[in-house]
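Each chain, letter by letter, is given below.
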Amino acid sequence: MRVFKFGGASVKDAAAVKNVAKVLQTTGFSELLVVVSAMGKTTNALERIVESYLNKRNDLKDLIGDLKEYHLKIIEELFDAKQHPVFKKIENLFDDLRTTLDRNKSTQYDYIYDQVVSYGELISSIIVSEYLNETGYTNEWLDARELIKTDNAYRDAEVDWENTQKRIVEKVNKKGLTLTQGFIGSDENNFTTTLGREGSDYTAGIFAYCLGADSVSIWKDVPGVLNADPRVFKNTQLLSHVSYSEAIELAFYGASVIHPKTIQPLQRKEIPLNVKSFLNPTTDGTSVKKGQPLDPYMPCYIVKKDQILVSLSSLDFSFIVEDNISEIFSLFHEHHIKVDLIQNSAISFSVCLDDKFDYFEGLLGKLKAKFKVTYNTNVSLYTIRHFTENAIQSLEKDKDILLKQITRETYQMVVKD
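Residues numbered from 1 in each chain as written. Predicted model: local features only at pLDDT ≥ 70, side-chain atom pairs only at ≥ 80, totals over all residues. Heavy atoms only, no water.

Turning to the sheet that holds strand E11 (residues 300-314), a few remarks are in order. In spatial order, the strands read E12-E13-E11-E14-E16-E15; together these six strands make up an open sheet with antiparallel pairing. Two strands close off the open sheet at either side, each with one partner strand: strand E12 (338-344) and strand E15 (401-406). Ignoring strand direction, the axes of neighbouring strands in this sheet form an average angle of 30°. Sheet analysis places E11 next to strand E14 (residues 371-385), joined by 12 bridges and oriented antiparallel. Bridge pairing in E14 links valine 310 to tyrosine 375. This element, helix H11 (residues 322-334), spans E11, E12, strand E13 (348-354) and E14 of the sheet and lies at about 15° to E13. Helix-sheet contacts for helix H13 (residues 389-396) involve E11, E14, E15 and strand E16 (410-416), and the interaxial angle to E16 is about 5°. (Pairing = 2+ DSSP bridges. Helix = DSSP H or I, 4+ residues; strand = E, 2+ residues; numbered from the N terminus. Axes fitted to C-alpha atoms, helices over the stretch in contact; angles between N-to-C directions. Contact = heavy atoms within 4.5 Å.)

This part is about the packing of aromatic side chains. Across all of its chains, the model carries 16 aromatic pairs by this definition. Ring geometry for tyrosine 111 and tyrosine 154: centres 5.3 Å apart, planes at 80°, overall edge-to-face. In this pair, tyrosine 111 sits in helix H5 (residues 109-117) while tyrosine 154 sits in the loop between strand E3 (140-141) and helix H7 (161-171), placing the two residues 43 residues apart along the sequence. Just as tyrosine 111 is buried, tyrosine 154 falls in that class too. Ring centres 5.2 Å apart and planes at 75° place the aromatic pair tryptophan 161 and tyrosine 209 in the edge-to-face group. Residue tryptophan 161 is located in helix H7, and its partner tyrosine 209 is located in helix H8 (residues 200-211); the two are separated by 48 residues in the primary sequence. A relative accessible area of 17% means that tyrosine 209 is categorised as buried. By way of ring pairs, the aromatic residues Phe4, Phe6 and Trp219 are connected into one cluster. (Phe/Tyr/Trp six-rings, centres within 6.5 Å; stacked < 30°, edge-to-face > 60°. Buried < 20%, exposed > 50% of the residue type's maximum accessible area, 1.4 Å probe, protein only.)

What follows deals with the state of the cysteines. Per the counting criterion, the structure on display carries zero disulfides. Unpaired in this structure, cysteine 300 has its nearest cysteine sulfur neighbour in cysteine 352, at a distance of 20 Å. Exposure remark for cysteine 300: the relative accessible area of 1% places this residue in the buried category. Of the residues examined, cysteine 352 reaches a relative accessible area of 0% and is grouped as buried. (Disulfide = S-S within 2.5 Å.)

This part covers the nonpolar core. Membership of the largest hydrophobic core comes to 56 residues, with the highest contact counts inside it found for Val34, Ile49 and Ile90. Of all hydrophobic cores here, the second largest spans 43 residues; its members include Leu195, Ala204, Ala208 and Val275. (Core = buried A, V, L, I, M, F, W, Y, C linked by side-chain atoms within 4.5 Å.)

On to the side chain of serine 314, then. Looking at the secondary structure, you find serine 314 in strand E11. You can call serine 314 buried: its relative accessible area is 11%. Residues within four places of serine 314 in sequence aside, it is in contact with Ile320 and Ile347.

Owing to its 3.6 residues per turn, the α-helix aligns residues three or four sequence positions apart on the same side. For helix H4 (residues 85-103), built from 19 residues, the straight-helix expectation of 27 Å at 1.5 Å per residue is met to within 8% by its first-to-last C-alpha distance of 27 Å. Listed in full, the buried residues belonging to H4 are Val86, Phe87, Ile90, Leu93, Phe94, Leu97 and Leu101. Burial along H4 is one-sided: seen end-on, the buried residues are contained in an arc of 130°. Of the residues in H4, the exposed ones pointing more than 90 degrees away from the buried face are Lys88, Asp102 and Arg103. Against the buried residues of H4 lie helix H2 (42-54), helix H3 (60-78), H5 and helix H6 (119-134). (Expected span 1.5 Å × (residues − 1). Arc of directions from axis to C-beta.)

By the element assignment, serine 287 lies in strand E10 (residues 286-289). Its relative accessible area of 12% is what places serine 287 among the buried residues. Ignoring sequence-local partners within four residues, the contact set of serine 287 consists of Ser240, His241, Val242, Leu273, Asn274 and Gln292.

Here the focus is the packing of helix H1 (residues 14-27) against H3. Packing of H1 against H3 brings their axes to within 9 Å, and their N-to-C directions diverge by 55°. As summarised for this structure, H1 and H3 are arranged oblique, according to the angle between their axes. In terms of crossing hand, the pair formed by H1 and H3 is right-handed. In this structure, H1 contributes Ala14, Val17 and Lys18 to the contact, and H3 contributes Ile74, Glu77 and Leu78. (Parallel < 35°, antiparallel > 145°, perpendicular 65-115°, else oblique. Left-handed = near helix turned anticlockwise from the far one by under 90°.)

A word on the environment of aspartate 187. If you trace the backbone, aspartate 187 turns up in the loop between strand E5 (184-186) and strand E6 (192-194). For aspartate 187 and arginine 145, which are 42 residues apart along the polypeptide, the C-alpha to C-alpha distance reads 8.5 Å. Apart from the residues lying within four places of it in its own chain, the contact partners of aspartate 187 are Lys149, Thr150, Asp151, Asn152, Tyr154 and Thr193. In terms of polar contacts, aspartate 187 uses its side chain to reach the side chain of tyrosine 154, at 2.7 Å. (Polar contact = N/O pair within 3.5 Å; in protein donor to acceptor, adjacent residues only side chain to side chain.)

Dropping the structure here:
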């Protein structure tokens with residue numbers, strides 16, 4: 001059995017949805033589970049709906065209406081008959097979205113976020129499933145929330161692997177074509193949870209692990225895993241082969257092509273991962289497997305924007321030692337803030353932080369109570385894996401460097417934007 005994942009760019013409009021069918025025609029569609037993301041920039045649009053709702057703005061109705069029109073336009077291009085059941089199904093989902101907002105009593109942002117943003121995947125997967133059924137690719141649509149069970153850490157939920165495996169094995173027909181959603185699950189009370197932004201890759205890994213799949217293929221708008229993001233760097237090159245460990249390193253440092261959590265479940269069962277182009281499905285793309293060396297071997301460049309560089313020093317000039325560092329990391333964990341770089345001296349401790357949930361202000365007050373704190377917001381963290389001197393010199397040119405660090409295989413620097 002195989003698992004495919006199609007991201008937002010691969011289902012962004014009617015032509016893209018039709019192309020999904022062409023990919024399945026090329027690759028075969030039996031013994032296949034397909035994971036689908038929200039269409040195009042739908043997740044961003046739903047995040048704006050959450051903000052409007054929480055801030056009681058008067059544009060909420062228009063935002064929901066615009067998102068509905070975007071999806072209706074896609075449906076109208078895919079289906080000839082206005083009476084096709086897909087129209088009613090999507091209408092019902094938007095009615096359900098409005099009802100969810102009307103009945104909500106919670107003020108917790110993360111909870112509300114998950115209940116609302118999850119509609120992107122539900123809408124997208126129904127449209128793709130109905131189109132595939134219409135064009136001869138008979139499939140079973142499954143609600144991922146009934147299969148992937150998690151804790152209630154909304155926006156970054158942890159998977160209950162035992163319960164999830166039991167449900168997936170019971171519900172998924174390994175012989176046919178199954179279609180489901182990425183990114184979403186549910187907690188023990190059946191409230192919707194999400195697995196972290198861009199978490200559909202992780203969903204594919206979860207299904208592959210639980211089903212003992214032969215392979216996972218992630219379909220992208222790039223040829224495969226490149227040695228740098230082509231939107232940021234020039235003259236990027238395709239990496240044909242990457243090991244699990246190298247892929248985990250690249251994902252950890254911020255390579256956007258693979259979700260950081262995706263590799264771990266695949267590695268445990270040695271399930272190969274392929275990253276391929278949905279525009280050219282017959283090309284090889286990138287193969288991620290156990291133990292294979294990076295090919296071609298070259299510097300790999302990664303940049304993470306909107307970071308925060310924080311430097312802490314003791315108020316009484318005492319050493320920053322293990323007890324202090326343990327307390328600092330406990331605060332980072334409590335505020336769901338990821339640490340991307342660490343550098344310390346006798347009386348100071350610097351970290352580059354990724355504040356993806358906007359909790360830094362709450363953290364800052366607690367840090368200032370015990371340390372002298374200086375910080376820079378809106379900085380960028382650049383990483384070069386397998387650096388060369390030429391690569392470093394080229395990257396450092398004309399940049400205002402706040403901090404840099406070199407280990408055996410990795411060079412990193414924090415710069416002002």
